[in-house]
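For reference, the chains in residue letters:
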Amino acid sequence: MDTSKVTVISAFCAVAFLVSFCIPLYTKAWSTASTPSKVRARPMPVLWYITLAFIVLLCGLLYFRISAVFSVSALGAGILIALVKGEKHAAHVLLFLAGAFLASYLAWWRTSGYHISLSTIESLRIVTLTGVAYLMLCWPYKNWSANSETVQTHRAMGRTEWSLLAVFVALACAFVPYKGLILDDTLLTTWHHWAAYIGPAELMREGVYPLHDIPAQYGFGPTSLIALSCGVLDCWSGFYWLNVVFTIAFFTALAYATLILSRQSSLPASVALLICISICAFGWTMYPPSLLSPVATPSTSGMRFLPATLMMCFLVHTALCKPNDPTVRSIRIPGHLFWIFGLLWSPEAAVHTTFMWGPFFVWSSVFYGPHPRSARVFFNQVALLVAILLATLTGFVFVFWLLSGEVPLWRMYTASLRNPPGALPVDYMASIWFALGCFGLWFIALWAMRNEEATDGSALASWIAMLFAIVTFTYFLGRSHSNNILNLLPYFAILLVAIRTMQTAWAVQQLAAVLLAALIGWSGIFGWGYYQNARDTAGYFAHQGTALTTLMSYQNPDNVAQFMKLQSLEAEEILEQQQNDLREALDYIRDVRGEPAEIFDAHMLIEAQSGFGPWSGIHPVSTAYFATSQERQQYLRNALARLDRAGWIVISDTFALTSIVDDYATVYEQTEKLVFGTYAAIRYSPTLDPVVQ
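Summary of the structure given here. (Residues numbered from 1 in each chain as written. Predicted model: local features only at pLDDT ≥ 70, side-chain atom pairs only at ≥ 80, totals over all residues. Heavy atoms only, no water.)

A word on a nonpolar patch on the surface. A cluster of nonpolar residues, Val397, Phe398, Val399, Trp401, Leu402, Leu403 and Val407, forms a patch on the protein surface that exposes about 680 Å² of accessible area. Here Trp401 shows up in helix α16 (residues 375–404). Assessed through its relative accessible area of 44%, Trp401 is described here as partly exposed. (Patch = residues over 30% accessible without salt bridge, like charges linked within 9 Å, V, L, I, M, F, W, Y side chains within 5 Å. Areas by Shrake-Rupley, 256 points an atom, 1.4 Å probe, with all protein chains shown as cover. Salt bridge = Lys/Arg side-chain N within 4 Å of Asp/Glu carboxyl O. Helix = DSSP H or I, 4+ residues; strand = E, 2+ residues; numbered from the N terminus. Buried < 20%, exposed > 50% of the residue type's maximum accessible area, 1.4 Å probe, protein only.)

The structure is reproduced here in structure tokens:
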């Protein structure tokens, strides 16, 4: 493992332990005071001025990091904001510059060394959007009754918040299902990402059991649900609608958490926060250099993160609406059910929900129980969680055995955790600094309120948001591409919203607001080319009735043109020849020989309309590309024992994983090999007496 990765993982484990086990003992977030108070900004101690003096030195680097235009315009915007606000002039300027500097690390695709390449128009656009969003977020809080010094914050959202939520969810329902982006410019990307979900589900329908015969890269929950949808629609259309539903549910949970965390905010501030979380959910997670469809990459939204998001949403609601009695049965039972859902969904969801529900359940029992701060209560609740975990796993194994006659295997369950796809070293000049800044800001916010009692549940809610941000950060630890941090920005946005509403130092609250505004501002350099093409070439409803199976197939001649859009002009002729060779091979195998084929090339696709089911345990190759040769051979043996089928692999002469041919030769008997230009077609027949292992 790379040294930088070891450092990051070690630091992550230390911080995770600190937050989940040490912080609850230190903070007064678990105060049992029954009288809530209005959120008030705390006076900024002298220490903050020293800190800001250090930050202003870093802000001077804006000139060297981006440009004079960006630096001057950011400074001007900060001064203008300070004049509009009419208070703490210098602090507003410094915080605005500091937030702009920290957010600049998000634009990894524009970074070369230390410098960020922006045009004058782009610099002005980013600063303007950030400034307007920041002013909206700084809009005065709601005007509560003048006859009372306190307000009742332990309530559900009001009519205004519910109306805003309904409007934004309705917009999401209209936007997310749009097929135009899937079927036009981003077809190849969508096809590749969907194949990794649909391939194991197709094998499952053929009698190959995930978690015993083959790994389920994204978990047993998604795989089994997709397999069920195949019986209602075809697998690809079924997955499309599942993806749409989970993406909308994911956004709805994020939007609800945003509103309930900030429900004392003004209407402009609430609108700005919802715009921010929408941009994070549908923009920053969708590859900002060239924005994709919200359903193009299911692994960055609901299909992967919905269980964790639902758990966070439930716990935040509990902390803010029922802060003095989170151990009553009406709350404990839903919490356990959300946890069990995560345990059964996927290994990642199991880690996510356990890391949030476990500390919350144990510490709430310790602080709110009849024997406060009792070690006995602590260990009793830990034992209860262990018992529920064992009962859940036992029940799952028993049901799995009843349905299949087999039991899940640990090595299959953890295969994707052992072999993360495309692991990279950490780039310390990119977006990781934004994540570290958010984590650090929460610790500063907690330290600043060390002598205060958080009587409105805001500190407890921020602790939950911190747990949420930390545990989802494990997604970055696997591959560690700078864009993976951008995929996690919805969860950092939730953390920043929570910090903004804490009863902590004013400077901390405002810096959180600047960072939220910057998430909106830096969307000004997103690549909107695919959206513009979809708008210009087809109306909104043009593709709504188009069948996915007719397009995600090599039999569709338009795919050659789609593939070429990702190539240089010099490579177009070569690519066209490769696609013609592949179609010739597939036509011969399927039309003349009447047999199935797996395709191994750089695209790592499976066909939506091949006319044949899968015949081997590697379907598609992306699900086993990063596994060891021994593991791939095991998957092939297990699928062979279930299916006992002959078939072909059609492999490109430029495919990097050449050892996969040896893996097939170890398990199957090679009976034929044909060459079709740049592709070789190899036929394999079952060997005698395959045994599932």
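Further notes follow.
Right, let's talk about unusual backbone geometry for a bit. Following His619, the chain continues to Pro620 via a peptide bond in cis, the omega torsion being 0 degrees. Mapped onto the secondary structure, Pro620 falls in the loop between β3 (597–600) and α28 (629–643). Even without being glycine, Tyr287 reaches a positive phi, approximately 60 degrees. Residue placement: Tyr287 occurs in the loop between α12 (267–282) and α13 (302–321). For Tyr287, a relative accessible area of 35% translates into the label partly exposed. The backbone phi angle of Ser480 is positive, close to 65 degrees, even though this residue is not glycine. Turning to its location among the elements, Ser480 is positioned in the loop between α21 (474–479) and α22 (482–487). Classification of Ser480 by relative accessible area gives buried; the value is 2%.

Another aspect to go through is the sheet that holds strand β6 (residues 679–685). Within a sheet, neighbouring strands are paired by backbone hydrogen bonds and run either parallel or antiparallel to one another. Taken in spatial order, the four strands make up an open sheet running β3-β4-β6-β5, and their pairing is mixed. Strands at the two margins of the open sheet, each flanked by one partner only, are β3 and β5 (669–676). Strand-to-strand twist in this sheet, taken as the mean axis angle between neighbours without regard to direction, amounts to 20 degrees. Looking at chain direction, strand β4 (residues 647–652) and β6 are connected through six bridges and run antiparallel. (Pairing = 2+ DSSP bridges. Axes fitted to C-alpha atoms, helices over the stretch in contact; angles between N-to-C directions.)

Counting across every chain of the model gives 10 salt bridges. Arg642 is paired through a salt bridge with Asp213; the nearest N and O atoms lie 2.8 Å apart. You can see Arg642 sitting in helix α28 and its partner Asp213 sitting in the loop between α9 (187–205) and α10 (220–230), a full 429 residues away along the chain. Residue Arg642 is classed as partly exposed on the basis of its relative accessible area of 26%. Between Arg590 and Glu607 there is a salt bridge, with its nearest N and O atoms 2.0 Å apart. Taken together, the positions of Arg590 in helix α27 (residues 569–592) and Glu607 in the loop between β3 and α28 put the pair 17 residues apart, joining distant regions of the chain. Accessibility classification places Arg590 together with Glu607 in one group, the buried group. Three or more residues joined by partner-sharing salt bridges are found here, namely Asp213, Glu406 and Arg642.

This next bit is on the state of the cysteines. Scanning the model with the defined rule gives one disulfide in all. Through a disulfide, Cys230 is tied to Cys235; the S-S separation comes to 1.9 Å. Across the S-S bond linking Cys230 and Cys235, the dihedral sits near 125 degrees, which makes this disulfide right-handed. Summarising the burial analysis for this pair, Cys230 and Cys235 share the class buried. Cysteine Cys276 shares no disulfide, and the gap to the nearest cysteine sulfur, in Cys280, comes to 4.3 Å. On the basis of relative accessibility, which here comes to 1%, the residue Cys276 falls in the buried class. (Disulfide = S-S within 2.5 Å.)

The next point concerns helix α20 (residues 458–472). Under the 1.5 Å per step criterion, the end-to-end length of α20 is 21 Å for 15 residues, consistent within 8% with the ideal 21 Å. Most of α20 sits inside the fold, with 15 of its 15 residues counted as buried. (Expected span 1.5 Å × (residues − 1).)

You can see Thr190 is positioned in helix α9. Assessed through its relative accessible area of 0%, Thr190 is described here as buried. Along the chain, Thr190 and Leu292 lie 102 residues apart, while their C-alpha atoms are 8.6 Å from each other.

A few words on the nonpolar core. Soluble globular proteins tend to pack their nonpolar side chains together in the buried interior. Judged by nonpolar contacts, the single largest core of 192 residues is most densely connected at Trp236, Trp284, Phe434, Phe473, Phe492 and Trp522. Counting residues per element, this core draws most heavily on helix α11 (residues 235–261), which supplies 18 residues. For Trp522, the contacting residues outside a window of four places in its chain are Ile66, Phe70, Ala100, Ala103, Ser104, Ala107, Leu118, Ile126 and Trp284. One finds Leu657, Tyr664, Tyr668 and Tyr684 within the second-largest nonpolar core, a separate group that totals 30 residues. (Core = buried A, V, L, I, M, F, W, Y, C linked by side-chain atoms within 4.5 Å. Contact = heavy atoms within 4.5 Å.)

Looking at the element boundaries, Leu343 is found in helix α14 (residues 329–345). The class of Leu343 is buried, set by a relative accessible area of 9%. Between the C-alpha atoms of Leu343 and Gly221, which are 122 residues apart in sequence, the distance is 9.4 Å.

The next subject is α16. Taking 1.5 Å of rise per residue, the 30 residues of α16 would be expected to cover 44 Å, and the 43 Å separating its terminal C-alpha atoms lies within 8% of that figure. Among the residues of α16, those classed as buried are Val377, Phe378, Gln381, Leu385, Ile388, Thr392, Phe396, Phe400 and Ser404. One or two positions beyond α16, positive phi appears at Gly405, with a value near 80 degrees.

Further remarks concern the packing of helix α6 (residues 120–137) against helix α24 (residues 506–521). Look at α6 against α24: their axes get within 8 Å of each other, and the N-to-C directions meet at 135 degrees. When the axis of α6 is compared with that of α24, the two are oblique. Seen from above, α6 lies across α24 with right-handed handedness. Contact residues: α6 offers Ile126, Leu129, Thr130, Ala133, Tyr134 and Leu137, while α24 offers Gln510, Ala513, Val514, Leu516, Ala517, Ala518, Ile520 and Gly521. (Parallel < 35°, antiparallel > 145°, perpendicular 65-115°, else oblique. Left-handed = near helix turned anticlockwise from the far one by under 90°.)

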